[in-house]
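Each chain, letter by letter, is given below.
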Amino acid sequence: MSVSSKSSGITSNRWFKPVAVTVVALVIALILVLVAQWLRTLEPVKQFLTDYPGHSELPEGAPTGLPAWLGWQHFLNMFFIVLIIRSGWQVRTTTRPPGYWTRNNKGFIKTRNAPTKISLDLWFHLTLDALWVLNGLIFIVLLFATGQWMRIVPTSWDVFPNAVSAGLQYASLNWPLENGWVNYNALQLLTYFITVFIAAPLAIITGIRMSGAWPKKAAVNKFYPIEAARKVHFPVMIYFVAFVIVHVTLVLATGALRNLNHMYASTDDANSWWGFAVFAASIVVTAAAWFLARPLFLRPIASLMGKVTNR
């Protein structure tokens, strides 16, 4: 066999798996749509959709609309999550780090033992994590201080049948009528609740356990080994990737201008392009940060907090 035929065989094998996975996913999606549309022709299902239209009533006194601080939080969360996923993937897949960082033990944080040397990629990941956690704490405080928590925390049991109803409507491509300015549908509510109050804390707890700052001889290590944290941390990252993809897709597919004005302009205007302009600017900023997250630019910043070496 010639070298060219071998290389063509390797190339075809490389492309076969992703193409096959894509075809299978499309077939499954088509079957799901057809089954959902058939179910909606059944009288019991029609009655179920009438009884549970897809959203639960909010508690009395729940705020209407999205304040400006939520728009800033939305941008910062998107910015940090994108870079955290990027840096986390680099930590997981890079075999030869571009550099190493050792914390300055004379600064704000001082320890009795010498600081552990970590890769530059891990330093970047942990720094982003710290900023994301700080931003998250501010978000939680504002969420409960302004009553916005009532929009993403289940307050009645009918949220679950309503979530099933909303899911069936999405799957049948006859999407639920909604107005996110007033109330999210039940499936959105549960997804936001899981993201904020379950996925995010899991990412933090498992990330701290995997950090070099975690004491190696702590008594809790017997019950919470690092292997357990790793088994949870990566699937949580996959969840965030899936959430971002689905979230952005639905935002753009269910009235892009109005949704972007909700999120970035704090207005219920369906015709203004201001929200889109802010969204576009945030994408440019995030893309620029993605490009600049290279050793050439990270080294000078990391050196302000410790010592950067090649080995």
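Residues numbered from 1 in each chain as written. Predicted model: local features only at pLDDT ≥ 70, side-chain atom pairs only at ≥ 80, totals over all residues. Heavy atoms only, no water.

Visitor: For helix α4 (residues 120–145), give the residues involved together with the corresponding values.
Guide: The terminal C-alpha atoms of α4, which comprises 26 residues, lie 38 Å apart, in line with the 38 Å expected from a rise of 1.5 Å per residue. Those residues of α4 that sit buried are L120, D121, W123, F124, H125, L128, D129, W132, N135, F139 and L143. Among the structural elements, α3 (68–93), β1 (100–103), β2 (118–119), α6 (186–210), α7 (226–253) and α10 (295–303) are those in contact with the buried residues of α4. In the stretch just after α4, G147 is the one whose phi turns positive, near 80 degrees. (Helix = DSSP H or I, 4+ residues; strand = E, 2+ residues; numbered from the N terminus. Expected span 1.5 Å × (residues − 1). Buried < 20%, exposed > 50% of the residue type's maximum accessible area, 1.4 Å probe, protein only. Contact = heavy atoms within 4.5 Å.)

Visitor: Describe in detail the packing of α3 against helix α9 (residues 274–292), supporting the description with residues and values.
Guide: As a packed pair, α3 and α9 sit with axes 10 Å apart at the nearest point and diverge in direction by 25 degrees. Viewed along their axes, α3 and α9 adopt a mutual orientation that is roughly parallel. As for how α3 packs across α9, the hand of that crossing is right-handed. Contacts from F75, M78, F79, V82, L83 and R86 of α3 reach α9 at S282, I283, V285, T286, A289 and W290. Looking at the contact of α3 with α9, its residues break down into nine nonpolar, two polar and one charged. (Axes fitted to C-alpha atoms, helices over the stretch in contact; angles between N-to-C directions. Parallel < 35°, antiparallel > 145°, perpendicular 65-115°, else oblique. Left-handed = near helix turned anticlockwise from the far one by under 90°. Nonpolar A, V, L, I, M, F, W, Y, C, P; charged D, E, K, R; others polar.)

Visitor: I'd like a rundown of the packing of aromatic side chains, residues and numbers included.
Guide: Throughout the structure, instances matching the rule amount to 19 aromatic pairs. Between the aromatic rings of F144 and F197, the centroid separation amounts to 6.3 Å while the plane-to-plane angle is 70 degrees, which identifies the pairing as edge-to-face. On the criterion of sequence distance, the pair formed by F144 in helix α4 and F197 in helix α6 is long-range, its members being 53 residues apart. Positioned over the ring face of W290 is R86, at 5.1 Å from the centre of the ring. (Phe/Tyr/Trp six-rings, centres within 6.5 Å; stacked < 30°, edge-to-face > 60°. Lys NZ or Arg CZ within 6 Å of the ring centre and 35° of its normal.)

Visitor: Break down the nonpolar core for me, citing the residues and quoting the values.
Guide: By size, the foremost hydrophobic cluster in this structure holds 28 residues, and its most contacted members are W123, W132, F240 and Y264. Listing elements by their share of this core, those giving two or more residues are α3, α4, α6, α7, α8 (256–264), α9 and α10. Ranked by residues supplied to this core, first place goes to α3 with seven residues. Excluding its chain neighbours within four sequence positions, the residues that come into contact with F240 are I81, I85, W132, T195, A199, A200 and A203. L66, W69, V153 and Y184 belong to the second-largest nonpolar core, a separate cluster that totals eleven residues. (Core = buried A, V, L, I, M, F, W, Y, C linked by side-chain atoms within 4.5 Å.)

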